[in-house]
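So the chains spell out like this:
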Amino acid sequence: MNLAATGLVVAAALGGLSAVVALVVPTRPRPVLVGLGTAASGAAAVTAGVAATGGQSFAVSLPELLPLFGVSLELDALGGLFVAVTGGVAVVAGIFGMSYSRHGIGGRSVQSVFPLFVVVMLLVPVAASVGTFLVCWELMALTSLLLVAAEHRQRPEVASAVRWYAVMTHLGLVSVLFGLLVFAARAGGDSFDALRRADLSPGVAGVVFVLTLLGFASKAGILPLHAWLPRAHPEAPSHVSALMSAAMVNLGVYGIARVGGDLLGGGPAWWWLLVLGLGAVSAVYGILQAAMSADLKRLLGYSTTENMGLVLVGLGAAGLFASSGQRVLAGLALAAALLHVINHASFKSLLFLAAGSVLHGTGTRDLDALGGLRRGMPVTTAAFGVGALAASALPPGTAFVSEWLLLQALVHGVAVPGLATAIVMPVAVAVVALTAGLAVATFVKAFGVGFLAKPRSAGAQQATESPATMLVGMAFAGAACVVLALEPAMVLPALARVGGVVFGSLESAVGGEVTLRLEGVAGVLSPLLLALALLAAVVVTVAAVRAPGVRAARREARLWDCGGGPMSARMEYTATSFAEPLQRVFDDVVQPELDVDVDHHEESAYLVRAVEYRRRVADRVERRLYEPVLAVAWRWGEAGRGLANGSVHRYLGYGFYTLCGLLIVLVVLR
Amino acid sequence: MTDTGYVQALYLACGVLLLTAVVILWRRELAVIIRVFALQGAALAALAAITAAHQGSAELWAVAAGIAALRAGVLPWLLRRALVESGQAARETQPLVNVAASLLAAAALTMLAYAVSQPLVALAPSPATQAVPVGVAVVLIGLFVLVTRRRALSQLVGFLLMDNGITTVAFLTTEGVGLIVEVGVWLDVLLVVLVLQILTTRMRAAFGGTDLDDLRGLRDT
Amino acid sequence: MQALLVVAVAPLLVGLMRQIRARLEGRAGAGVAQPWRDLRKLLRKERIAPRGTSEVFRAAPLVLVATTLVVAVVAPFVTTASAIDPVADLFAVVALLALGTVALALAGLDTGTAFGGMGASREMTIIALVEPTMLVAIVALSVRAGSTNLATIVSSTLHDPARLVSPASLLAAAALVVVIVAETGRLPVDNPSTHLELSMVHEAMVLEYAGPDLALIELASAMRLTVFLGLLANLFLPWGIATTATPLALLLGVLALLVKIALLGAVLAAGEVFLAKLRLFRVPELLAGSFVLALLAVAASFFLA
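Scoring rules and cut-offs
- Residues numbered from 1 in each chain as written.
- Chains lettered and ligands numbered in written order.
- Predicted model: local features only at pLDDT ≥ 70, side-chain atom pairs only at ≥ 80, totals over all residues.
- Helix = DSSP H or I, 4+ residues; strand = E, 2+ residues; numbered from the N terminus.
- Rg over C-alpha atoms; globule rule 2.2 N^0.38 Å.
- Buried ≥ 20, exposed ≤ 12 C-beta atoms within 10 Å, placed from the backbone.
- Contact = placed C-beta atoms within 7 Å.
- Nonpolar A, V, L, I, M, F, W, Y, C, P; charged D, E, K, R; others polar.
- Expected span 1.5 Å × (residues − 1).
- Pairing = 2+ DSSP bridges.
- Axes fitted to C-alpha atoms, helices over the stretch in contact; angles between N-to-C directions.
- Parallel < 35°, antiparallel > 145°, perpendicular 65-115°, else oblique.
- Left-handed = near helix turned anticlockwise from the far one by under 90°.
- Bend = angle between axes of the 7 residues up to and from the residue.
- Core = buried A, V, L, I, M, F, W, Y, C linked by C-beta atoms within 7 Å.
- pLDDT = per-residue confidence, 0-100.

A. Summary view of the overall build of chain A. For chain A, the count of helices and strands is 25 helices and eight strands. Here chain A has a C-alpha radius of gyration of 26 Å; the compact-globule value for 670 residues is 26 Å, and the two agree. Along the first, second and third principal axes, the C-alpha atoms of chain A reach 95 × 70 × 60 Å. Going through the 670 residues of chain A one by one, you find that 57% of them count as buried. Look at the contacts in chain A between residues 6 or more apart in sequence, and 80% of them connect residues 24 or more apart.

B. Molecular detail of the environment of Thr152 of chain C. Within the element layout of this structure, Thr152 of chain C appears in helix 6 (residues 150-159). On the basis of neighbour counts, which here come to 23 C-beta atoms within 10 Å, the residue Thr152 of chain C falls in the buried class.

C. The interface of chain B and chain C, seen in detail. Contacts between chain B and chain C engage 21 residues on the former and 18 residues on the latter. Residue composition of the side of chain B that touches chain C, by class: 17 nonpolar, four polar and no charged.

D. Expanded view of helix 13 (residues 327-362) of chain A. Residue and element names in this part refer to chain A. Its 36 residues place the ends of helix 13 51 Å apart at the C-alpha level, agreeing with the 52 Å of an ideal helix rising 1.5 Å per residue. The buried fraction of helix 13 amounts to 34 of the 36 residues, a majority that puts the element mostly inside the structure. Two residues or fewer after helix 13 comes Gly363, characterised by a positive phi angle close to 80°.

E. Representation of the interface of chain A and chain C within the structure. With 65 residues of chain A at the contact, the number on the chain C side is 72 residues. Counting residues per element, the ones that place at least two in the side of chain A that touches chain C are helix 16 (398-414), helix 17 (419-451), strand 5 (524-525), helix 21 (527-545), strand 6 (554-557) and helix 22 (575-585) of chain A. A class-by-class count of the residues in the side of chain A that touches chain C yields 47 nonpolar, nine polar and nine charged. In this sheet, strand 1 (residues 47-50) of chain C lies alongside strand 6 of chain A in parallel orientation, the contact comprising four bridges. Within strand 1 of chain C, the residue paired with Ala557 of chain A across the bridge is Pro50 of chain C.

F. Main features of the packing of helix 6 (residues 157-187) of chain A against helix 8 (residues 202-219) of chain A. Residues and elements named next belong to chain A. Running from N to C, helix 6 and helix 8 point in directions that differ by 155°, and their axes come no closer than 8 Å. The angle between helix 6 and helix 8 falls in the class roughly antiparallel. For the element pair helix 6 and helix 8, the recorded crossing hand is left-handed. On helix 8, the residues that touch Met168, Gly172, Leu173, Ser175, Val176, Phe178, Gly179, Leu180, Val182, Phe183 and Arg186 of helix 6 are Val204, Val207, Val208, Leu211, Thr212, Leu214, Gly215, Phe216, Ser218 and Lys219.

G. Structural context of helix 1 (residues 2-24) of chain C. Counted at 1.5 Å a residue, the expected span for helix 1 of chain C with its 23 residues is 33 Å, and the 32 Å between its end C-alpha atoms agrees. If you look at helix 1 of chain C, its biggest bend is around 30°, right at Val9 of chain C, and the proline Pro11 of chain C turns up within four residues after that.

H. Looking closely at the nonpolar core. Judged by nonpolar contacts, the single largest core of 439 residues is most densely connected at Ala333, Val429 and Val440 of chain A together with Val136 and Ala297 of chain C. Excluding residues that lie within four positions of it along the chain, Ala333 of chain A makes contacts with Gly314, Ala317, Ala318, Phe321, Leu406 and Ala409 of chain A.

I. A look at the pairing of strand 7 (residues 593-600) of chain A. Residue and element names in this part refer to chain A. Of all eight residues in strand 7, zero are buried; the element is thus mostly exposed. Across eight bridges, strand 7 lies against strand 8 (residues 608-616) in antiparallel orientation. Residue pairing across strands places Asp599 opposite Ala610, the latter belonging to strand 8.

J. Structural view of the confidence of the model for chain C. Within chain C, residue pLDDT values average 83, and 96% of them lie at 70 or more. Scored by ipTM, the complex comes to 0.91, with pTM at 0.88.

K. Quick peek at the environment of Val358 of chain A. All names here are of chain A. Along the chain, Val358 falls in helix 13. For Val358, a count of 28 C-beta atoms within 10 Å gives the class buried. Note: C-alpha distance between Val358 and Ala44 (314 residues apart in sequence) is 30 Å.

Written as structure tokens, this is what we have:
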């Protein structure tokens, strides 16, 4: 057995063991043991994944394990990448959960489901047959559903989130199921090898691709099937949010790459234009909603939609280039997309953990009620700062590198002959750029309003730092962010191998050790040198300012308060007011609902007693697309109520009549 | 004139045409719009002159001179007179589609123009036909102005913009149409402008404004 | 060396622009060297720590100066040979300058005053809209150079000056001028000399700074202006830039750069005299316009190439 196989088996065994342990040990040590077990399982998975992207592979078939189709697993470079990412997130989430789960979610069921969730997420990219894949996919949905519901006793909103998530994820499953079943039926076998060899007509291939794309896109939180994401991710416990937002959504991308690229073997340009278009719309819409949001975890959830959108832009561009024979550019775009998957996993888990720490310390995640956390929670503030820098695509952050690669791929794609690329590429560049600009505004808001300035509520005032294990979890994620930001060349050779799985024999697109050097097209960037230059410039500036003749000590002084006495926290800008200009600019897109109530004194209509201002930025896609569907479903249900009058005999009768009816049909047709 | 010089000058003129069309969409002051429109007329005349110089044809020189006189001289003068006569709010205050959105629409229309004129370019690839998308884009932007602007005067500008675009396409594809045809088109345009100007005056007399939405009041209800 | 030049020239450029405005408005003006005198005075003053502010507030001026300094070092102002070539990418340069703005916005929020928040909120809105235009204009410039590396773009323009009068590069230039005006906080997007709360953007964020910190910020904003004008000059009028490392060529490069920046600054200042500040909510229209220009520049580089 090689390293990949050992790692994977150990990871699965440790995860299963933790689940069993959670069931038998008493409440007090339970979270610690489960957290440790999950982290160890994650670490083993990282080893396996890294070994797999390094070229090792592992295949096993267990035909008796499940009835009908058995289980067959295979770990290749593409799967290995996602196994490694999931494992990495599991490590930090496990460590973080050791003390985070003490509060209200230390119960037997939640604690035993948590490691199981990790294990099935690790198995999804390893599954090598349609049956195995679908079982793992469904188990992943079920376990995550249970985890989202963990805090349903504490907060009533959780129930609604769970309902949305349950319905959407199963609709997605149905879509994937149909797509893969059609595929398997045409291919005459359900193993991925058989699918690869299958020779599908373009029409059938298109249907399979679109059906699976719908399901996978809904898992990745892509528009218009994103509605569950900003509901479920904030309501889950924070370390589960991190797992969902940094690891589970990636598997949607994995699905598209596996089915569209590997199994269907590329396909025509319109598939990838569709992927690119969906990604572009999601990126802009997601970040716009994030910019409007005043709920910290909801903001992060929408930002996940944005980042997955960017990944799909890269994936779509790669497919487009591959279908027109531009192997170099395809490799570059795919490397950008996959690097962004890794980067997003690192900074999003950090951000969600930091948000969890804030929730733990203050009891609220409403940005309008936070502020001034740097005094009470310095480590969390620093962690969120690192994550925010990474997420806003500014140097020296992680997302900057992957977005730079993506932009390079798009810019060089402009020169590719062809009408589609000539029009799509500049627009895609504009979309990525707009997303980057809005992301900067969003994370300045989240960090500046949430953590700096003065506390806006009693909870924020009395914030205290979280326990050590939570900080250690964040520190690991933060370290991953920093390393990826400075030395992305480390993971790039692996990405080239992964690209080979998806679109077949791509040239290595990016080389170099300290400096990223694009191969085949011009372009160099060195994140490490950039960071060093920045550091050197800061040192020079400090030295210049500290020159003789400049006083070093600082005198404390009052803030400029227009002479009106000390300023209270009510005079500060809040997250809502911070986003107001942007909201005005994008008024036509987000269509906020505004409500201003002015309360007058009885004596005179000119003396205002109170002004109440309410603003709600509803999800417009949701209102336009989902509400009509829900209304139809509701009416259908109303109509159905006539059939159900509560008589058990009647219900049994329905079954009987249907059975007889079917038999009669059968008789007549034969 | 050298070949590269000809191509450079031609493209420059096309660039100015496109730019002025966008600026007309961008600005609200009608006076500025009219001035920009005159500039566009001049660019179109330059385009004709460049083609004339390239082919050394006297007829085309005459056409260029005519275009310069009509589109950079007479039409803007007529428009300005109409504006002065109206003597009221000289701004396009409330277009049906706001300015930022119209600008984005213009970008989309340009892309569309590029996409649809590919077959045209492929018919006879030459430096001149390469620029055909510009003409198509100006036509589309003109139509867009016609559809989304409220003031009768800016609608008139939209119409003239379309006409400029059509002329541009004609020059770029056939290297200039015959003088007679061109003169016929001029007369038509002039006639339309005069008719619309009279209409504007009558509307102002009837409603005290030139917001075309007021015409709804004439319908029997 | 290039960085030293930028540091030395930047306050003079601001002084020159103020002087030109003053003369055009019929005032005598304070002289070209006045910003340097201001800086000297500010640097000697006491350092102030407003109550309730944190390290973010103290670090922001340093980050602002540092980002601009890095750009001044790597961008091809005097010579096409960049000091740290792997950083001299247009995307990286734009992102670095944005990083400086972000630092300042965070400092504005950190003070916890209404002014600071207001300035930060407005600045972030503007930067979110400036970014797309900037990057699309970069695409237009890089399409024919085949690279987004600054030095490569500049030297390829040097070899083929004819493309400068092409519609693509003219449209891109127009778009870049608009975004540079927005990014450096000049009229009509922001008024650098206002302290009226309705119209402040940049000034609102730096309201709490005093003494040496304020000096750093003033210096940094002057440097940003210089850097942007220098980039504009060398992207569209690269003549005179040194392609070899001989002292004569370098001297010529320095002179050419000074002349170009001074000219651009003079034009900008003269233009400002005739402009009023736009309402904040008209700014998006301006930026949308420049965005369309940038997109048309890319489009034109296909069908008018």
